[in-house]
Amino acid sequence: MSAPLIVLVGPMGVGKSTVGQLLAERLGTGYRDTDEDIVTAQGRAIAEIFVDEGEAAFRALEKEAVRTALVEHEGVLALGGGAILDPDTRALLAGQRVVYLSMDVEEAVKRTGLNAARPLLAVNPRKQWRELMEARRHLYEEVATAVVATDGRTPEEVTQAALDAVELTVSPGGRPQDPRPEDAVVSEVTRIEIGGTAGSDPYEVLVGRQLLGELGGLIGTKAKRVAVIHPEALAETGDALRADLAEQGYEAIAIQVPNAEEAKTAEVAAYCWKALGQSGFTRTDVIVGVGGGASTDLAGFVAATWLRGVRWIAVPTTVLAMVDAAVGGKTGINTAEGKNLVGSFHPPAGVLCDLAALDSLPVNDYVSGLAEVIKAGFIADPGILDLIESDPQAARTPAGPHTAELIVRSIKVKAEVVSSDLKEAGLREILNYGHTLGHAIEKNERYKWRHGAAVSVGMHFAAELGRLAGRLDDATADRHRAILEAVGLPLHYRYDQWPKLVENMKVDKKSRGDLLRFIVLDGLAKPTVLEGPDPAVLLAAYGEVGE
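What counts, and at which threshold
Within any chain, residue numbers begin from 1 and follow the written order of that chain's sequence. Local features are withheld for residues below a pLDDT of 70 in this predicted model, meaning they are given only at 70 or higher, and side-chain atom pairs are given and counted only at 80 or more; totals for whole chains, interfaces and linings count all residues. Each side-chain value is derived from all of the structure's non-hydrogen atoms; neither hydrogens nor water enter the calculation. Secondary structure follows DSSP: runs of H or I at least 4 residues long count as helices, runs of E at least 2 residues long count as strands, and numbering of each begins at the N terminus. Classification of residues uses two cut-offs on accessible area relative to the type maximum, computed with a 1.4 Å probe and protein chains only: under 20% is buried, over 50% is exposed, and between them is partly exposed. Throughout, the Shrake-Rupley method with a 1.4 Å probe supplies accessible areas, and for residues the shown protein chains are the sole cover considered. The arc in question is the one traced by the directions running from the helix axis out to the C-beta atoms. Contact criterion: two residues are considered in contact whenever any of their non-hydrogen atoms come within 4.5 Å of each other. We call two strands paired when DSSP finds no fewer than two bridges between them. The predictor attaches a confidence to each residue, called pLDDT, with possible values from 0 through 100. Under the pairing criterion, centres of Phe, Tyr and Trp rings, with the six-membered ring standing for Trp, must be within 6.5 Å; the plane angle then separates stacked pairs below 30 degrees from edge-to-face pairs above 60, leaving the rest tilted. Fitting a line to C-alpha atoms yields each axis, with helices limited to the stretch in contact; the angle taken between N-to-C directions then spans 0 to 180 degrees.

## Here's the deal with the overall build of the protein
Scanning the protein from terminus to terminus reveals 22 helices and 16 strands. Counting across all 547 residues of the protein, residues that qualify as buried make up 56%. Carbon and sulfur atoms form 50% of the exposed surface of the protein, whose accessible area is close to 22000 Å².

## Here's the deal with helix H3 (residues 46-53)
For H3, the set of buried residues is Ile 46, Ile 49 and Phe 50. In a view along the axis of H3, the buried residues occupy a sector of 100°, so they form one face of it. In this structure, H3 carries Val 51 and Asp 52 as exposed residues pointing more than 90 degrees from its buried face. Phi for Gly 54, located one or two positions after H3, is positive at around 95°.

## Points about helix H22 (residues 535-545)
Looking only at H22, the buried set comprises Leu 538, Ala 541, Tyr 542 and Val 545. The buried residues of H22 occupy an angular sector of 100° when the element is viewed end-on, so they sit on one face. The inward-facing, buried residues of H22 contact helix H18 (435-444), helix H19 (451-468), helix H21 (498-506) and strand S15 (517-521).

## Here we look at the pairing of S15
Each regular strand shows side chains that alternate between the opposite faces of the sheet. Counting buried residues along S15, 5 of its 5 residues qualify, which places the element largely inside the surrounding structure. Alternating residues of S15 divide into Arg 517, Ile 519 and Leu 521 and Phe 518 and Val 520, and every residue in both groups is buried. Pairing of S15 with strand S16 (residues 527-531) involves 5 bridges; the strand directions are antiparallel. Bridging across to S16, Ile 519 finds its partner in Val 529. Hairpin remark: S15 followed by S16, antiparallel, with 5 residues in the connecting loop; positive phi at Ala 525, about 65°.

## Section: the confidence of the model for the protein
The share of residues in the protein with pLDDT of 70 or more is 87%, and the mean pLDDT across the chain is 86. Below a pLDDT of 50 lies the segment residues 114-123, which in the model reaches 35 contacts outside its immediate sequence neighbourhood of four places, other chains included. Note on residues 171-186: pLDDT under 50 across the span, and 32 contacts to partners over four residues away in sequence or across chains.

## Here's the deal with the packing of aromatic side chains
Under the defined criterion, the tally for this structure stands at 8 aromatic pairs. A ring pair is formed by Tyr 100 and Tyr 140, whose centres lie 4.9 Å apart and whose planes are at 20°; its orientation type is stacked. One end of the pair, Tyr 100, is in strand S4 (residues 98-102); the other, Tyr 140, is in helix H7 (residues 125-143), and 40 residues separate them in sequence. Using a relative accessible area of 0% as the deciding quantity, one classes Tyr 140 as buried. On the basis of an interplanar angle of 25° and a centroid distance of 4.7 Å, the ring pair of Trp 498 and Tyr 542 is categorised as stacked. Taken together, the residues span a long stretch of sequence, with Trp 498 in helix H21 and Tyr 542 in helix H22 at a distance of 44 residues. What makes Trp 498 buried here is its relative accessible area of 10%. Of the residues examined, Tyr 542 reaches a relative accessible area of 0% and is grouped as buried. By way of ring pairs, the aromatic residues Phe 461, Tyr 495, Trp 498, Phe 518 and Tyr 542 are connected into one cluster.

## What to know about the sheet that holds S4
If you walk across this open sheet you meet the 5 strands as S2-S3-S1-S4-S5, and the pairing is parallel. The two strands at the open ends of the sheet, each matched to only one other strand, are strand S2 (31-33) and strand S5 (146-149). For this sheet, the mean inter-axis angle between neighbouring strands, taken without regard to orientation, is 25°. Both strand S1 (residues 6-9) and strand S3 (residues 76-78) contribute to a ladder of 3 bridges, which runs parallel. Counterpart to Val 7 in the pairing with S3 is Leu 77.

Given below as structure tokens:
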């Protein structure tokens, strides 16, 4: 009867997959993961099994997967975090060479972060982690031949410690594989610095996975109170952050606001001010804005106006919020007369873009955010367009191969612009490409349209306007339609609404008196201002858009 050379056990996020693959390479043997066996056999993710059938059903599948793998596999075997809960499984592990990979609670929170794909750790990470470990630690230790701590160690260091602990010999010439990024013991984080201008301090935008551990450092030690402003749709996430911050010693409150653009009103802002006043919020305290672009716009505005300005941190959870709303310091609310007409320039103290938050985003919301990504490609970084065009269908999902790169590139475009022009005195206007008509459409639809959808139509219009004004070549204008359509963004709006749209555009922030201003392209990545275009040219351009 065969048996694995080594079995890895330990909690979720500890890095069993990464270390397991490294061990297999070093030992010149194969690697197997019982969680992957279950996913392959069931044809769906483990999180889906939890939701659809419950934990008991999953544990039954897990028990059988472990039993089969222990008989069939002779290499390195990694078990799911809860496999050792079953007494029969623990009995099967007796006499096996079992290594328990451990980590403490602080390390666990850093690695698991806001990842909704981990079904048993979806809310307060510290509280959940302690409860899980109180129930499981003695079971891990019961089955373990050796215990290897992973805290502060690289995957290679953990691998070597495991080999030393069980006294196994490395196969000559073995080379470790690249660890899978989602399971790496140390997550890769991209840090993008936004330069301070106009008296504001520089700050960083962090892009990666499992970033929750960075939040306390951004809040700092001077703050006594923290207010987490979150939309109704993220009630669990908001309360999890509040509880987590409370466990770190802050007086933390959660302020729930309406979803999407309904949050961006004077009434909602006043509700937030009341909550801050009742909690004794002072100038050294901190606001955390969690959610999409509307939520971070509101949180930033509340922070800018409370006591004439307190520090705030953005935790964007949508593509739109990550690449646009949370970067640059523009904050604001809407009025009946238009979008973002009341606001302030108030940069955050930091931005945490946890890509794991995108995994559960509805496809229409995800695709809507791509409009701002595509905009960044046309005005400054054509490499973005090349990546999307290489596989438009893959670009429509966070599981696509270029998701992180697309978001990082887009943020860098905005970072370069806002670092030199915080208050839209000149260069920053280029970020409004497609937005003049886009905002007019949003207002006309009473903000029921997604922002990205409206901006997509606005970019199509700007491309046609640039072409008809003799600024933009046909190939680049046509490329707008092709790439927007390829990812599923709209190109058209109702033709009969043009008079209303013109009136809406006249009160847009970018207008000067009654003089309409549009950002158009002189060529790819060559944005410029077109001021006061002939009304006949405007109508002709809209003729290509209207239907």
